[in-house]
Amino acid sequence: MEQTNFQLKKQDAQTHEWDTRLHHATKATREDWIGRGISYFCIGIIILVVASMLWFITSKGIATFTQNHVSLWKFLSGTDWAPDQGKIGALPMILGSFAVTFAAAIVATPFAVGTAIFMTEISPNRGRKFLQPVIELLVGIPSVVYGFIGLAVIVPFMRHLVGGSGFGIISATFVLFVMVLPTITSMTVDSLRAVPRYYKEASLALGATRWQTVSRVILRSATSGILTAVIFGMARAFGEALAVQMVIGNAAVMPKNLISPASTLTSQLTTGIGDTIDGTLPNNALWSLALILLLMSLFFNALVRVIAKRGQLKHER
Amino acid sequence: MNKGSKLAMGIAALSLLLVGCGKATSSTSSKGSSEALSGKVTAVGSTALQPLAAKAGANFTTKNSKVNLTVQGGGSGTGLSQVQAGAVSIGDSDIFAEEKAGIKADKLTDHKVAVVGMAPVVNKDAGIKNLKMAQVKKIFTGKITNWKEVGGKDQKIVIINRAQGSGTRATFENAVLKGATAVKSQEQDSNGAVQKIVATTPGAVSYLAFSYFTNKLQAVSIDNVTPTDSNVENNKWKIWSYEHMYTKGTPDKATAAFLKYMNSKDVQNSLVKDMGYISIHDMKVTKDAKGVVTQN
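Reading guide: rules and limits
Residues numbered from 1 in each chain as written. Chains lettered and ligands numbered in written order. Predicted model: local features only at pLDDT ≥ 70, side-chain atom pairs only at ≥ 80, totals over all residues. Helix = DSSP H or I, 4+ residues; strand = E, 2+ residues; numbered from the N terminus. Buried ≥ 20, exposed ≤ 12 C-beta atoms within 10 Å, placed from the backbone. Contact = placed C-beta atoms within 7 Å. Axes fitted to C-alpha atoms, helices over the stretch in contact; angles between N-to-C directions. Parallel < 35°, antiparallel > 145°, perpendicular 65-115°, else oblique. Left-handed = near helix turned anticlockwise from the far one by under 90°. Pairing = 2+ DSSP bridges. Right-handed = clockwise from strand over helix to strand, strands pointing away. Arc of directions from axis to C-beta. Domains from an automatic or database assignment.

Now for the overall build of chain B. On a plain count of helices and strands, chain B comes out with 9 helices and 13 strands. In chain B, which comprises 296 residues, the proportion classed as buried is 45%. Long-range contacts, defined as pairs at least 24 residues apart, comprise 72% of the intrachain contacts of chain B with a sequence gap of at least 6.

Right, dumping it as structure tokens:
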């Protein structure tokens, strides 16, 4: 009897212990909660920052149309930019931005893809030891340094080569070419490395030469990755302000050719924003330019997502 | 101690620190005696005035160590709109508040602290040393496009403007173009950039404050008047402007003391001149916001 009693007591104690264990969080669970709480907190703050930036730029950017009653079409298609006199045609800057962006991407892509093939297929060892650090170094150089080199080297060089003042889209293209090269190269390297090894092996086993393997198998299966890389490069070129502003000449006129001064959305923003008064048309017009920049970067991001999705589907098949 | 709580403590410590900082900077308690001036003065705006304001500010704070004085650039427009919004104690500007759309000038108090003379500058190769005022106007409105038309080399004129809305450009256009519209051309956002580009680009012409002249570029006389301080003082040289420090309402003690210091002989007779500005005390004429000049 006593023994059973004791057993019962013991059982009781055990149930009690189980009870507390099951109904109260363990240390590990609490850690989980804290960790999750901190993560949610951080995510919340980031979302808040992004949302408030979107809201801020949008609300400021549309003031040109809602408060100053400029028609959107006139803003986008007008070619006369003199905000102090109430003329805000943004087409010269929009064209300038697109021109330097596409030109830089077109010039940089072959170099980037070539370098990436060298680093992954032709000489992976030297690539990793030598080229990788060089490319990482290029990413780390501040844009003002690129701009300064552009001003001191590229602009005079262009002046000697093609005449004019040397300022213009072509100088900006060359500065941006160096700036987007590392972005496109390193992302292309990643996408080439992600090509499954058996693709290459199968191709070589079928008797294809190295060049055939690279050009017809590896590059083809990495196409979506390379396109993503190019678009990221373009996004960087589109948003670059300082370096471009130093070499493009900042003339708000329609770009007639590659060697006369032009301007981009970013270069107008950086030169103009300090001299305008909050709430006036010149200031609002600059915010509208910023809104275009924002929409374009959203567009680039969306494009990257679409391409990445298509690429995934291809690999699964 | 596990990772989670370490992180939490870290965050807590950080937030405490931030709160602490907030308090430290916002405290403007002036419990000091009547001598020891304290407080926070922020001067924001004109990049043309910035070097002088920063230097004078540094001297001022060595004498009044309890005053926390910050000088920032940002442009005349920024200075005027920030002081109008009450965000800063002093708004630095190259132009009269009356000249800027969107600024209610009657709400602001003007303190003129220096004068800056500006002159056209050309690349040395162009072979130009003197121009007539009408020629300068024709160059910047795009009617003259080659230096040979005004007695220089057969070389295309490359106009380098300052950004629209810049104080320097406003001063130059008021004095030279007199309402005409400048031809669309390159725009640079700082005196330094203009200085470098004019020195290196053949046929380039722009305009700079006297303090930015170097022997690598040619300052141009207009109607045989040379751009010198003494010619500005008696208004023989027409292209000049005041450097303004604007305040809103009654400035607090520290701000008032700093403004007084800017106008003192200490600053006006040495610092102002050393840094290439012209002393407000030496001016023999006065210009108002509409550009009307009267003899003192």
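Before going further, it helps to examine the interface of chain A and chain B. In this complex, chain A contributes 28 residues to the contact, which on the side of chain B involves 29 residues. Sorting the residues of the side of chain A that touches chain B by element identifies α2 (27-61) and α13 (265-272) of chain A as the ones contributing at least two each. The biggest single contributor to the side of chain A that touches chain B is α2(A), with 4 residues.

For the rest of this paragraph, the subject is the packing of helix α5 (residues 91-122) of chain A against helix α11 (residues 223-239) of chain A. Residue and element names in this part refer to chain A. The N-to-C vectors of α5 and α11 enclose an angle of 140 degrees; their axes lie 9 Å apart at closest approach. Regarding the angle of α5 to α11, the classification is oblique. The element α5 and its partner α11 pack so that their crossing is right-handed. Between α5 and α11, the contacting residues are Ser97, Val100, Thr101, Ala104, Ala105, Ala108, Thr109 and Val113 on the first element and Ile226, Val230, Gly233, Met234, Ala237 and Phe238 on the second.

This part is about unusual backbone geometry. Residues and elements named next belong to chain A. Phi is positive for Asn250, which is not a glycine, with a value near 50 degrees. Position of Asn250 among the secondary structure elements: in the loop between α12 (242-248) and α13. Judged by C-beta crowding, with 29 C-beta atoms within 10 Å, Asn250 ranks as buried.

The next subject is the environment of Ala194(A). Tracing the backbone through its elements, the reader meets Ala194(A) in the loop between α8 (169-193) and α9 (197-205). When the C-alpha positions of Ala194(A) and Leu151(A) are compared, they lie 39 Å apart, and in sequence the two are 43 residues distant.

All names here are of chain B. For strand β1 (residues 39-45) and strand β2 (residues 67-74), the ladder comprises 7 bridges, and the chain directions are parallel. Residue pairing for β2: Gly39 is matched across the bridge by Val67. Read from β1 through helix α2 (residues 50-63) to β2, the crossover connection turns out right-handed.

Turning our attention to helix α8 (residues 253-262) of chain B. Those residues of α8(B) that fall on the buried side of the exposure criterion are Ala254(B), Thr255(B), Phe258(B), Leu259(B) and Met262(B). Along α8(B), the residues classed as buried sweep out an arc of 135 degrees about the axis, all on the same side.

For α13(A), the tally of buried residues reaches 6 of 8 residues, placing the bulk of the element in the interior. Listing the buried residues of α13(A) in full gives Leu265(A), Thr266(A), Ser267(A), Gln268(A), Thr271(A) and Gly272(A).

Residue and element names in this part refer to chain A. Its domain assignment divides chain A into domain 1 (2-61) and domain 2 (73-315). For domain 1 and domain 2, the distance between their C-alpha centres works out to 46 Å. At the interface, 4 residues of domain 1 touch 6 residues of domain 2.

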